Amino acid sequence: MTANGQLLRAKNTDSMEERTTVKYWLFQAHPSVFRLRDALRVGALSTFELRAHKGKVKKGDKAIIWQTGKAAGCYALATIVGAPSEMAVPGSELPFYRKPPAFGLRVPLQIEYNLWNRPITSPMLPDSAVFEDFNAGLPGINYVATEAQYRDLENLVQQQDLANEPEADYEVVPWSRHPFNLILYGPPGTGKTYLTANYALSVIEGRSLDELALENRHELRRRFNDYVQAGRIAFVTFHQSFSYEDFVEGIKPYTLNEQVLYRVENGIFKIMCRDAHRSVLESVYRHYPEGEPAMEFNQVYNAFLDYLKEEGVDSFEGEQKSRIILHRILPFGDLSLRQPKSFAVQPVRKKNLQLMYQQFETAEQIEASGGDLRGIIGDVDPSLYWSVFLELKKFEMNYLLNKEEENGSGNGEAPLSKLDEYGMPFELPLVPEHILAQCNNYVLIIDEINRGNIPAIFGELITLLEEDKRDGRSEATTVILPYSKELFAVPPNLYLIGTMNTTDRSAEALDIALRRRFAFQAVPARPGLIPKLADGPQATGVDLQRMLEAINRRLELLIGEDYQVGHAYFLEVNGLDSLRATFEHHIIPLLQEYFFNDYGKIGLVLGREFIREKGTPPDVSVFADFDHPFAGEFSEKRVYELRPMEELTEAAFIRIYDGRYGQ
């Protein structure tokens, strides 16, 4: 063997040893920053931040997961299952951070021993020289550990049977993506606005509503307010005078040097769209570190389709010089192709070609990546996509050359994309799901959405709310705004959550165009929540849950299920006086609205304790001296009135649901 061969073999051996040698690390979390135990308890820890030893940590290494502070100890042993990379904190981990961390370098983990319930604390560490240089508790996140330290901890786990930890005492329901446009509807007092905070956090943090419901409300509101301050959640209430100019953009006056001037001001919806749009672009650019992706795919592809039609192209070059037959051009730019020895046709989707176009500049890049396109096209024949992609790239080269000649530009530079007021391109490329998952989600909450004039407020933007019409999606649609004359599209990471009171007759019926573009989630009255959420004990002897169930059952029989009384009215009732006040200020006025002040029907709901017949003084004639054919019927009509609230006793409220009480 030559000297050069021996040197090459030695280098390869060193490189292989470097790849196969397992290193050991100490990863630390402080409870004031990250609630490590809680995250492990529900199986939410899958990554860890990397601030030190960035070039040394690699796939296959082992990590000791340590919590510092008063409850210091080893809470898990883990294996690093991927290379360090710039990534956003997974949605499952976000709720356990005191403050949402920024995008940064992290490593993926697989927890081998989860010790959330019985951690190995500092006093439990073996009294040996192995732990003399153990860096646990020092300021910092990442430290070097030794194999001996890891193995001693692993042995201690196995000896004390700590690995057989009990499962978490509740099951985390896998999160499924919410609709882009959702309306929570129900009668008053059922907690629709209250629930918007949970829905917004579920969208932003990627967690299920059931999991969020288990958290402390104060902590949920704190995180909700943090997102509001960061501009990722906004809240607006529709009303009859709310307009397009308030919601999207409008011409507003301002004074300068004692002169009244006018300018176009952005509304809350446009501001939220711009912020969300910027987040998507940042994720796209991070995915393409060499520069921005091709932004003009539609322009090139439409010209490519024209070329196929005009030139009468009927086949593409396939593998080993074979020909792939072009059967026809389908609607929306899809192609139908078949192999030369087969009559079975298969579609080639435009959106998949766009993903390939954005991810690979040349066919050589596809080969360098292993040629596996399943992540883009799924389990279909890749040879068809390969052939069309090659033909498209050939066409693109000629197309760009022709454009340069037409523009008189021989420098080979593509024309710049049009930018918006923030310096961002107006149109996104087709955004793959794995890139969209890295974007920050934004939520706009619209309270009392049905009280506004929907067609006037949304205007031409109603169509843009649909999922496939959003920017970066397959059928992305762009409009020109009437005041600023800017191009505008709704980004794919902005969610709208509205609330609608089903008993509000003062507003017009919800516009049918908007109704088709929103999903609806009923929020009914839930009397069973009263004993769980009430601030104090129930009113003396009155079962508030049974009372509300009886009231709502009677309302459903009289006027329908949309007309109920919500449980929220009774959550602060803790005595007879507060119960009387709740009825006087909330329940009675609500029933008067429901029944148009028909006290007889209110009596059917509440009983004779609350309503009494109104008599006529004996010295007053019923009617004046006038001959009317129905005077007799009118004189026999019963008229009712409310009893004074201070006369109502505990028994009166109990008899709403128990008519025999006190008999």
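Higher on the page you've got the structure.
Residues numbered from 1 in each chain as written. Predicted model: local features only at pLDDT ≥ 70, side-chain atom pairs only at ≥ 80, totals over all residues. Heavy atoms only, no water.

**Student:** Give a description of the pairing of strand 17 (residues 442-447) that names residues and reports values.
**Tutor:** With six of six residues buried, strand 17 lies mostly within the body of the structure. Burial of the side chains of strand 17 extends over both faces: Tyr442, Leu444 and Ile446 are buried on one face and Val443, Ile445 and Asp447 on the other. By the bridge criterion, five bridges tie strand 10 (residues 233-237) to strand 17 in an arrangement that is parallel. Bridging across to strand 17, Val236 finds its partner in Ile446. Summarising the sheet, strand 17 and strand 20 (residues 494-501) pair through five bridges and their orientation is parallel. Its bridge partner lying in strand 20, Tyr442 is registered against Leu494. (Buried < 20%, exposed > 50% of the residue type's maximum accessible area, 1.4 Å probe, protein only. Helix = DSSP H or I, 4+ residues; strand = E, 2+ residues; numbered from the N terminus. Pairing = 2+ DSSP bridges.)

**Student:** Pulling in residues and values, what's your account of the sheet that holds strand 20?
**Tutor:** Taken together, five strands build an open sheet; the order of strands is 10-17-20-9-21 and the sheet is parallel. Edge positions in the sheet fall to strand 10 and strand 21 (519-522), since each has one partner strand and no second. The sheet shows a mean angle of 20° between the axes of neighbouring strands, taken without regard to direction. Here four bridges tie strand 9 (residues 181-186) to strand 21, and the two strands are oriented parallel to one another. In the strand pairing of strand 21, Leu184 is matched with Gln521. In this fold helix 4 (residues 192-205) packs onto strand 9, strand 10, strand 17, strand 20 and strand 21, with an angle of close to 165° to the strand it touches most, strand 20. (Axes fitted to C-alpha atoms, helices over the stretch in contact; angles between N-to-C directions. Contact = heavy atoms within 4.5 Å.)

**Student:** Please set out the side chain of Thr190 residue by residue, giving values where relevant.
**Tutor:** For Thr190, the position within the fold is in the loop between strand 9 and helix 4. At 3.1 Å, the side chain of Thr190 and the backbone oxygen of Pro187 are in polar contact. Side-chain polar atoms of Thr190 contact the backbone oxygen of Val523, separated by 3.0 Å. Excluding its chain neighbours within four sequence positions, the residues that come into contact with Thr190 are Val523, Pro524, Ala525, Gly566 and His567. (Polar contact = N/O pair within 3.5 Å; in protein donor to acceptor, adjacent residues only side chain to side chain.)

**Student:** Kindly report on unusual backbone geometry, identifying the contributing residues and their values.
**Tutor:** Phi is positive for Asn257, close to 55°, though the residue is something other than glycine. Note on placement: Asn257 falls in the loop between strand 11 (249-256) and strand 12 (259-266). Classification of Asn257 by relative accessible area gives exposed; the value is 69%. In the Ramachandran plot, Glu258 falls in the positive-phi region, its phi being about 65° despite a non-glycine side chain. Following the sequence through the fold, Glu258 ends up in the loop between strand 11 and strand 12. Owing to a relative accessible area of 83%, Glu258 belongs among the exposed residues under this scheme.

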